[in-house]
Structures are given as structure tokens and as C-alpha cells.
Amino acid sequence: MHSQISDSSIRRRSLSALRLALIIAALCALAMVLVNESTHMRATQVLQEVEQANQMRTTISSLTRALTEAESNQRGYTLTGDRRYLEPYDNALNEIVRLRKTLETPQATSMFNLSTLLSFRSFMSEKMSEMALTVRMREDNRPEVVDFVVTSNVGLEQMAAFRAQSDELLSQADTYIQERRQELQRLLNVSRLGLVAGVLAAFVAFFLHLKQTRAMQRASEAHQNALEAERDALESQVRERTTRLAELATHLQQAVEDERAHLARELHDELGALLTAAKLDVARLKSRLPPDATDLAERLKHLTETLNQGIALKRRIIEDLRPSSLSNLGLVASLEILCREFADRSGLHVQTALEPVELDSAAELTIYRMVQEALTNIGKYAEAKNIRVVLKNYVYHAEVSITDDGRGFDPSALPQSSHGLVGMRHRVEAGGGRLDINSGAGRGTRITGTVPRGQARAQSQLATASGAMSVNSYARETTSPTPDTAHG
Ligand SMILES: Nc1ncnc2c1ncn2[C@@H]1O[C@H](COP(=O)(O)OP(=O)(O)O)[C@@H](O)[C@H]1O
Ligand SMILES: [Mg+2]
């Protein structure tokens, strides 16, 4: 009982530990998914930023190139007055106007140093308005502009300064891109670490699961073993008690037989002597009666009859208590008498087929008592018309069967209070034999007893004593009667 409780508590504990491990594993998996998802989103964003930074870089380069081109075309036009310069000049300006919008996006302000960006833009605007002024003055044919352009170095210096700023912006973009690349690297590392951690967590969960499963298996095995041990102990206890009960039953049956024999002796010796003495006295009285005392003679006659009835009753009781015919006339004759008397008493038709058998007195008494009890039962319960008692002789055993065509019964559902059949079975089995009860509602009853002889008897008794024939055989046999043999 105790082991059962501790086993179930071990199992409960293992189960809750397993549940905890699984919950932790599930949480790890969830955390991993979240980390992975967020790094993935951030990485996508960073890649987008890098892409935009690259575009911004291209824009700065294109702006610088366009401004340079516009400046050189403006210079060409100013020096030569050739209007063919004006077309690429205008194109370059349009290009600048288009590209310049990009620099006003929040992307650009987050990427670049604000002051550099502002001065780049304002320089560009200044340069453009200055070029527009020069071009307009050239169109108005004012020669001092040409002179100024030819002689001064201002344009070149301005452009060099502008290029320096553009380089500065480009390098800022490079730095920005570099930073994003590093972040990307970091994100990749996080992702990788997350993956490794996830795999490790899965391994740990799997390992824990295995451990718990094994622990549970062990616990259930231990539980099983404890149960088996308990069952074995109970079984051996049952066996031992059964043996003791069987011994007790044998002893009681023997005691009953001894008591009956004692009673029979007493009745025979004491009551028999008394009744015989009384009969002698009556005979003596009769001989001395005067011839005219007819009334007294009548009374004495009646007394003699009563005494005779008493003697007959005494004989019957003695015979019932201890069948003296068994030792005097043998089993077959005793059974014949038993059956005839039963037939006379009950008015039923009893058919006998009795082969002479050679058995020891104990086996003979067993068979006699068996037939006696079977006939009593038939008289009490069977409502039969025909009865057949058969005794057969075999090499190693004798077989007796009592068959009736009565109402039958279910041998597996005997009432608790009935001991006749149980005692019959016990007596037969204690002598090394076996008893079969074949009956069913509406199909009569046949009770067959097999009693071993001589050597076989000693061997069977040995087997019975060592417990080979357990009480279970009673239930086993009675629950499965061979059908339709009762009338056979
Ligand atoms: N030949 C029979 N026909 C019908 N029923 C029987 C017969 N023999 C026994 N029984 C049934 O089996 C029961 C048990 O019989 P038994 O063990 O001799 O106990 P008891 O005679 O003390 O009642 C009886 O109560 C009866 O119902
Ligand atoms: Mg009975």
C-alpha cells in the first residue's frame, strides 16, 4: 500500500517536471521566433537604408557632375558667345533642380551632417544664380563679364571648394553605409546566436523529456514489481489458508464419521440391549396371562408391535449413521439397499447398474456418502421421475454417477448456506479423486465421482497434499458443465 502511494507521487512529480520542461522549451521557442522576427525586420530596414544611402551618394555625385558641366558650358558660352553651349547648360541646370529635391528628404537630413548639407545646398544655389547672372550679362553683350571670366580664377576656386564639400558629403554617406553594414553584421550575429540557442534549448528539452520518460518508466516498473510481489504474497497466503481449510474440513468429516460410529455403537449396544430386554419381558408376561384377559393380551400385542417398530427404527438409524452393510455385504449390496430404500421412501424409479469394484473402506465410504447425499438432494430439490445410479470399475479407478431427469440447477451459483455438494467434493478430492457436477436449468443433473484405487490413490493423495488440486478446480469445473450429458 505504502509503495503504491510513493510510486504514484513519484509519477505525479515526474509528470509535473516534464510539463515544466516542455513549457520552458515552448517559451524558448517563442522567444526565438520573436528575436528572429524582429532581427529580420530590422535587417530589412537596414538594407533599405543602405540602398537609400547608395542612392543619396549617387545623387551627390550626379549633382557635382551636373554643376561642373553647367559651369563649364556657362564658361564656354561666356567666352565664345556660341549658343550651342546653352543647351547642355540648361539641361545640367534642370538636372540639378530635379536632383536637389532629394536632399530635402528626412533621409538626407538623418544621413548627413546638417551644416555640411546646408552649406552644400546654399553654395549650389549661389553658384546657380551667379551663373545665371553671367549668362544674362553675356546675352546683354557686356564685355566686362568676359574679361572677368577670362582673367579671374574665382570660378575654379569656387568649384574646388564645392568639390571639397561634395567629397565631405560622400565620405559622410560612406560612414553611414559603413555603420549600417556593421549593424547588419550584428543583426546576423544575433540571429545566428538565437538559432544556436534555440537548437540548444531544443536539445535540452529533448534530453529532459528522455530523462523524465525513463524515470516514469522506472517508476511504473517498480510499481508493477511491487504489485506483482504483493499479488504473489497474497496468492501464497490464499494457497496456505486453502490447504489449512482443506485439512480442517477433512478433520471435521473424519470427526463426524467417528462420532456417528460412536453413536451407532451406543445405540446398538445400549438401546439394543434395553429394547431386547423389554421384548423378553413382554414375552414372559404374555405366557403368564390368564386365558380370559383378552383386553390385556390385546395391549401386550400392541406393545410388542411398538417395540418391534422401535427396534426397526434403531436399525435404520444405526444403518444411516454407519452403514454396517458396507463391511458386512460390500459396496454394491450397500448401494443396492440404499437405492431400494430411497425408492420405497420417495416413490421414485431408481435404476441401478453396479459393477463390483475393489476399493479400500475409506473409498467405499466416500462413494456411499456421495450417493447418499445425491439421492437426498434429488428427493429435496430435483422433482425428478427417473434416477440412475451407475458404478463402473476401471483399472486405476472406480467411477460412480448419479443421474436424474429433474429440474437441474446452476452449479456455479450455489447458495452460501449449502454444504452438501461442497463436502462431497472435498471428500472425493481429499481421497485423490475428482468430482464433476453437470447440470443446468431444465436438463437434469449428473454427478460423477472418480475415485482412484490402490497405487493410484496413494499418488493422487500425494498430489492433493502438495496442493496440485486447488480449491479453484471447484469453480473451474462447475462453471463449465458439458452440455447435454445429464440425460446421457
Ligand atoms: N439433483 C438436484 N436437482 C436440482 N437441484 C439440486 C440438485 N442437487 C443440488 N441441487 C441444488 O444445489 C443446492 C446445493 O445443494 P447442497 O450443496 O447439497 O446443499 P443443501 O442440500 O444443504 O441445500 C441445493 O440447494 C439445490 O438448489
Ligand atoms: Mg444436500
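The residue numbering used here restarts from 1 in each chain and proceeds along that chain's sequence as written. A letter from A marks each chain and a number from 1 marks each ligand, given out in the order of writing. Only residues with pLDDT of at least 70 get local features here, since the model is predicted, and only at 80 or more are side-chain atom pairs given and counted; chain-wide, interface and lining totals rely on the full set of residues. With hydrogens and water excluded, all non-hydrogen atoms of the structure serve as input to the side-chain values.

Some thoughts on the packing of aromatic side chains
Our working rule: Only the six-membered ring of Trp is used, alongside the rings of Phe and Tyr, when aromatic pairs are assigned; centres must lie within 6.5 Å, and planes under 30 degrees apart are stacked while those over 60 apart are edge-to-face, with the rest tilted. Comment: elements are numbered from the N terminus, with helices defined as DSSP H or I runs of at least four residues and strands as E runs of at least two. Per-residue accessibility, obtained with a 1.4 Å probe over protein chains only, is compared with the maximum for each type, and a residue is labelled buried under 20%, exposed over 50%, and partly exposed between these values. Either the NZ atom of lysine or the CZ atom of arginine qualifies as a charge over a ring when it sits within 6 Å of the ring centre and within 35 degrees of the ring normal.
Taken as a whole and assessed by the stated rule, the structure comprises two aromatic pairs. Their ring planes at 15° and their centres at 4.9 Å tell us that phenylalanine 120 and phenylalanine 162 sit as a pair that is stacked. Placement of phenylalanine 120 in helix H4 (residues 114-139) and of phenylalanine 162 in helix H6 (residues 154-287) is noted, with a sequence separation of 42 residues between them. Each ring, one from phenylalanine 123 and one from phenylalanine 162, has its centre 5.4 Å from the other, and the planes form 15°; the classification is stacked. Linking phenylalanine 123 in helix H4 with phenylalanine 162 in helix H6, this pair joins segments that are 39 residues apart in sequence. Using a relative accessible area of 14% as the deciding quantity, one classes phenylalanine 123 as buried. Judged by its relative accessible area of 0%, phenylalanine 162 is buried. Among the aromatic side chains, those forming a connected cluster through ring pairs are Phe120, Phe123 and Phe162. One residue, arginine 180, lies across the ring of tyrosine 176, its end atom 4.2 Å from the ring centre.

As for the confidence of the model for the protein
The condition that has to hold: Per-residue confidence from the predictor is reported as pLDDT, which spans 0 to 100. By definition in these notes, contact holds between two residues if any of their heavy atoms fall within 4.5 Å.
Mean pLDDT for the protein: 85, with 90% of residues reaching 70 or above. Segment residues 467-488: pLDDT under 50, and 43 contacts once partners within four positions in sequence are set aside and those in other chains are kept.

Examining the pairing of strand S1 (residues 349-354)
Convention followed: Only strands joined by at least two bridges in the DSSP assignment are considered to pair. When the strands point away from the viewer and the connection leading from the first strand across the helix to the second strand turns clockwise, the crossover is called right-handed.
The pairing of S1 with strand S2 (residues 386-393) spans six bridges and is classified as parallel. Its bridge partner lying in S2, leucine 354 is registered against leucine 391. Read from S1 through helix H10 (residues 361-382) to S2, the crossover connection turns out left-handed.

Some points on the sheet that holds S2
Spelled out, the test is: Here, axes are lines fitted to C-alpha atoms. For helices the fit covers the stretch in contact, and angles between N-to-C directions go from 0 to 180 degrees.
Taken in spatial order, the five strands of this open sheet run S1-S2-S3-S5-S4, and their pairing is mixed. Of all strands in the sheet, those bounded by a partner on one side alone are S1 and strand S4 (434-439). Averaged over all neighbouring strand pairs, the angle between strand axes comes to 10°, with direction disregarded. Sitting on the sheet, H10 touches S2, strand S3 (397-404), S4 and strand S5 (445-452), and the angle it makes with S3 is about 10°. Against the sheet, helix H11 (residues 420-430) contacts S4 and S5, and its axis sits at roughly 145° relative to S4.

Notes on the coordination of the magnesium ion (ligand 2)
Short version of the rule: Because no water is among the atoms considered, metal sites can look incomplete, with donors defined as N, O and S atoms within 2.8 Å of the metal, or 3.2 Å for Na, K and Ca.
Looking at the metal site, the magnesium ion (ligand 2) is ligated by Glu373 (OE) and Asn377 (OD1), spaced 2.1 to 2.2 Å from it. Residue glutamate 373 and its partner asparagine 377 are located together in helix H10, separated by four residues, close to a single helical turn. By relative accessible area, glutamate 373 is classed as partly exposed at 23%. Classification of asparagine 377 by relative accessible area gives buried; the value is 15%.

With respect to the environment of leucine 303
Of note, leucine 303 is situated in helix H7 (residues 294-321). The class of leucine 303 is partly exposed, set by a relative accessible area of 38%. For the pair leucine 303 and lysine 279, spaced 24 residues apart in sequence, the C-alpha separation works out to 8.8 Å.

Focus: the layout of surface pockets
For clarity, the cut-off: Using a 1 Å grid laid over the protein atoms alone, points where a 1.4 Å probe fits but cannot get out form a cavity; open sets with protein on both sides within 12 Å along at least 5 of 7 lines form a pocket; any residue with an atom within 4 Å of a point counts as lining. Grid points are joined across faces, edges and corners, and a volume is the space filled by probe spheres set on the points. Note on residue classes: Ala, Val, Leu, Ile, Met, Phe, Trp, Tyr, Cys and Pro are nonpolar, Asp, Glu, Lys and Arg are charged, and everything else, Gly too, is polar.
In this structure, the second largest pocket occupies an estimated 500 Å³ of space. Along the wall of the second largest pocket there are 22 residues; nearest its centre are Asn377, Tyr381, Phe409, Leu414 and Leu421. Only H10, S3, H11 and S5 provide two or more residues apiece to the lining of the second largest pocket. The leading source of residues in the lining of the second largest pocket is H10, at seven residues. Counted by class, the lining of the second largest pocket contains eleven nonpolar, six polar and five charged residues.

Thoughts on the packing of helix H9 (residues 331-346) against H10
Stated formally: Note that the term roughly parallel is reserved for angles under 35 degrees, roughly antiparallel for angles over 145, roughly perpendicular for angles of 65 to 115, and oblique for everything else. Note on convention: near helix rotated counterclockwise from far helix by under a right angle means a left-handed crossing. Clockwise means right-handed.
In contact at an axis separation of 11 Å, H9 and H10 are set at 10° when each is read in the N-to-C sense. For the element pair H9 / H10, the angle class is roughly parallel. Between H9 and H10 lies a crossing of right-handed hand. Residues Leu331, Ser334, Leu335, Leu338, Cys339 and Phe342 of H9 pack against Glu364, Ile367, Tyr368, Val371, Gln372, Leu375 and Gly379 of H10. Here the residues of the contact of H9 with H10 sort into nine nonpolar, three polar and one charged.

Some thoughts on the side chain of serine 325
To be explicit about the condition: For this analysis, a polar contact is any N or O atom pair within 3.5 Å, provided that within protein one partner can donate a hydrogen and the other can accept it, and provided that sequence-adjacent residues contribute only side-chain to side-chain pairs.
In this fold, serine 325 is placed in helix H8 (residues 324-329). Overall, the relative accessible area of 6% leaves serine 325 in the buried class. Side-chain polar atoms of serine 325 contact the side chain of serine 334, separated by 3.0 Å. Setting aside residues up to four positions removed in sequence, serine 325 forms contacts with Glu319, Gly330, Ser334 and Ile337.

As for a nonpolar patch on the surface
We apply this condition: A patch consists of residues whose relative accessible area exceeds 30% and which take part in no salt bridge; residues with like charges are grouped when within 9 Å of each other, and nonpolar side chains (Val, Leu, Ile, Met, Phe, Trp, Tyr) when within 5 Å. In this description, accessible areas are obtained by the Shrake-Rupley approach with a 1.4 Å probe, and a residue is regarded as covered only by the protein chains that are shown. For this analysis, a salt bridge means a side-chain nitrogen from Lys or Arg found within 4 Å of a carboxyl oxygen belonging to Asp or Glu.
Together, Ile23, Leu27, Leu30 and Leu34 line one region of the surface with nonpolar side chains, adding up to about 410 Å² of accessible area. With respect to the element layout, leucine 30 can be found in helix H1 (residues 2-80).

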